[in-house]
Amino acid sequence: MKQFTAFVKKEFLHIFRDTRTMLILLGMPVVQIILFGFAITTEVKNIRFAVFDLSRDQTTRQITERLAANRYFTLVADIDSPPEADELMKAGKVSMVVVFDADFNANMLHTGEAAVQLIVDATDPNQATTMTNYATGIITQYLQELSAGSGAGATLVINTETRMLYNPQMEGAYNFVPGVMGLILMLICAMMTSIAIVREKERGSMEVLLASPVRPIFIIIAKAVPYFILSVVNLITILLLSVFVLKVPVAGSLVLIFLGSFLFILMALLLGLLISNIVQTQVAAMLASGMGLMMPTMLLSGMMFPIESMPHILQWISAVMPARWYIELIKKLMIQGVDGIYVMKEFAILALMVAVLLAVSLKTFKKRLE
């Protein structure tokens, strides 16, 4: 029994001395429960909306105030023309525009009916449906209170018309195709590149390669080029399947889609290089690139769950997730069909990430060679 106890004690000591094992055993469950507990939710919060009020009377103001006071909605702007609504939608500043008919209050008083239109960004069908239900529920509740207060058993009606932009058929593929593109490219480039380089280090062949006449940086580039080419092939395959099988249109510039994808692939390759510089084994590389990238990409990039519904701290963390900006870029170009000026922010952020990762990767790589 003493020998068995000694062996158990020895195993505990081995675990406690290995910092990475301790992080996986004790730290990973904490991270997972926080991410899954707060990021995974079907509830949609912080819905940014604008109001186009052609009537500007007491009733429309009260409905607008009801929407703005609700915890699910955030009033962004009070616009004066349809082009402003289109501008806000394309820029991603609002997800819904509420349009009140002219003479809204007068129509309610004289005919008992008035009209309101909800223009919703339907690139994410589930989110669009939830937004519409929330807004319709608030308007219906206000109408019931108004009817009860009007007396004489008057029947008042607000006809709510819904217009789904960018995805009128409410196809789910419109939402998940950009997310799948980001996830696949991230995993292939980062995971496979890091594992390929670390494999050479484990086998001891990296020293032989570094001792060759070829400069070390060209060796690393040479190992990354095949994954870049394979990622481009995967990108073309995904686009072809999306258009011809899933019937997802490419509404925007195909050139900008490829430029943004090339930038994202380059960033993922550099991330894989950075991981290979830090870890020493293939298992560690797989854990760092797989668990460290796949789960945050799925949960915090907006691929599956709306970022606006997450706590602020997770929204800040999602801001450093490259896949978030790539997915937003692809959605705007592929689904919404916006011009290049509306994706300059996403291009700039991805370019900045590439520059930072390039500097850090090269620095850590040079330190390892000395």
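Anything mentioned here points back to the structure above.
Predicted, not measured: the structure shown is a model, and the values here were computed from it.

> Teacher, can you tell me more about helix α3 (residues 58–69) here?
In an α-helix, one turn spans 3.6 residues; hence positions three or four apart end up facing the same way. With 12 residues, α3 ought to run about 16 Å at 1.5 Å a step, and its terminal C-alpha atoms sit 16 Å apart, in line with that. Those residues of α3 lying buried are Thr59, Thr60, Ile63, Thr64 and Leu67. Buried residues of α3, viewed axially, fall in a sector of 135 degrees; they line one side. Looking at α3, the residues exposed on the side facing more than 90 degrees away from the buried face are Glu65 and Ala69. Taking the backbone nitrogen of Thr59 as reference, a side-chain oxygen 3.0 Å away marks Asp57 as the first, capping residue of α3.

> Which parts of the structure should I look at to understand the pattern of salt bridges?
In a structure, side chains of opposite charge can pair up when their charged atoms sit close to one another. Tallied over the full model, the rule gives seven salt bridges. Residue Arg66 pairs with Glu145 through a salt bridge whose shortest N-O separation is 2.4 Å. Of this pair, Arg66 sits in helix α3 while Glu145 sits in helix α6 (residues 125–150); the two residues are 79 residues apart in sequence, bridging distant segments of the chain. Its relative accessible area of 31% is what places Arg66 among the partly exposed residues. A salt bridge links Arg324 to Glu328; its shortest N-O distance comes to 3.4 Å. Linking Arg324 with Glu328, this pair stays in helix α13 (residues 322–336), spanning four residues, or about one helical turn. You can call Arg324 buried: its relative accessible area is 15%. The network of salt bridges with shared partners includes Arg56, Asp78 and Asp80.

> Explain the nonpolar core here, please?
Among the nonpolar cores identified, the biggest contains 68 residues, and Val97, Met181 and Met334 are the most heavily contacted of them. The greatest single-element share of this core, amounting to 14 residues, is contributed by helix α7 (residues 173–203). Apart from the residues lying within four places of it in its own chain, the contact partners of Met181 are Leu235, Ile238, Leu239, Tyr326, Ile330 and Met334. Core analysis: the second largest hydrophobic core is formed by 28 residues, Val51, Met96, Phe104 and Met131 among them.

> Is there a simple way to explain the environment of Leu54 in this structure?
Of note, Leu54 is situated in the loop between β1 (47–53) and α3. Taking C-alpha positions, Leu54 is 8.1 Å from Phe104, a pair spaced 50 residues apart along the chain. Among residues more than four places away in sequence, those in contact with Leu54 are Phe100, Asp101 and Ala102.

> Teacher, can you tell me more about the pairing of strand β3 (residues 96–100) here?
Working note: regular strand, side chains alternate between the two faces of the sheet. With five of its five residues buried, β3 lies for the most part within the structure. In this sheet, β3 lies alongside β1 in parallel orientation, the contact comprising five bridges. From the neighbouring strand, Asp53 faces β3, where its bridge partner is Phe100. Pairing analysis gives five bridges linking β3 to strand β4 (residues 113–121), with the strands arranged antiparallel. Its bridge partner lying in β4, Val98 is registered against Leu118.

> Got a minute to help me understand the sheet that holds β3 in this structure?
The strands making up a sheet associate through hydrogen bonds between their backbones, and the pairing can be parallel or antiparallel. Reading across from one edge, β2-β1-β3-β4-β5 is the order of the five strands in this open sheet, with mixed pairing throughout. Two strands in the sheet have a free side with no partner beyond their single neighbour: β2 (73–79) and β5 (157–165). Strand-to-strand twist of the sheet, defined as the mean angle between neighbouring strand axes without regard to direction, takes the value 25 degrees.

> Please explain the packing of aromatic side chains as it appears in this structure.
Where two aromatic rings form a pair, the distance of their centres and the angle of their planes describe that pair. This structure, assessed with the given rule, holds six aromatic pairs. Here Phe49 and Phe73 contribute two aromatic rings whose centre-to-centre distance is 5.7 Å and whose plane-to-plane angle is 85 degrees, an arrangement assigned as edge-to-face. Highlighted residues: Phe49 in strand β1 and Phe73 in strand β2, separated in sequence by 24 residues. Side by side, Phe49 and Phe73 carry an identical accessibility label, which is buried. On the numbers, 6.0 Å between centres and 45 degrees between planes, the contact of Phe228 with Phe262 is tilted. Of this pair, Phe228 sits in helix α9 (residues 216–244) while Phe262 is found in helix α10 (residues 254–278), placing the two residues 34 residues apart along the sequence.

Conventions and cut-offs
Residues numbered from 1 in each chain as written. Predicted model: local features only at pLDDT ≥ 70, side-chain atom pairs only at ≥ 80, totals over all residues. Heavy atoms only, no water. Helix = DSSP H or I, 4+ residues; strand = E, 2+ residues; numbered from the N terminus. Expected span 1.5 Å × (residues − 1). Buried < 20%, exposed > 50% of the residue type's maximum accessible area, 1.4 Å probe, protein only. Arc of directions from axis to C-beta. Polar contact = N/O pair within 3.5 Å; in protein donor to acceptor, adjacent residues only side chain to side chain. Salt bridge = Lys/Arg side-chain N within 4 Å of Asp/Glu carboxyl O. Core = buried A, V, L, I, M, F, W, Y, C linked by side-chain atoms within 4.5 Å. Contact = heavy atoms within 4.5 Å. Pairing = 2+ DSSP bridges. Axes fitted to C-alpha atoms, helices over the stretch in contact; angles between N-to-C directions. Phe/Tyr/Trp six-rings, centres within 6.5 Å; stacked < 30°, edge-to-face > 60°.

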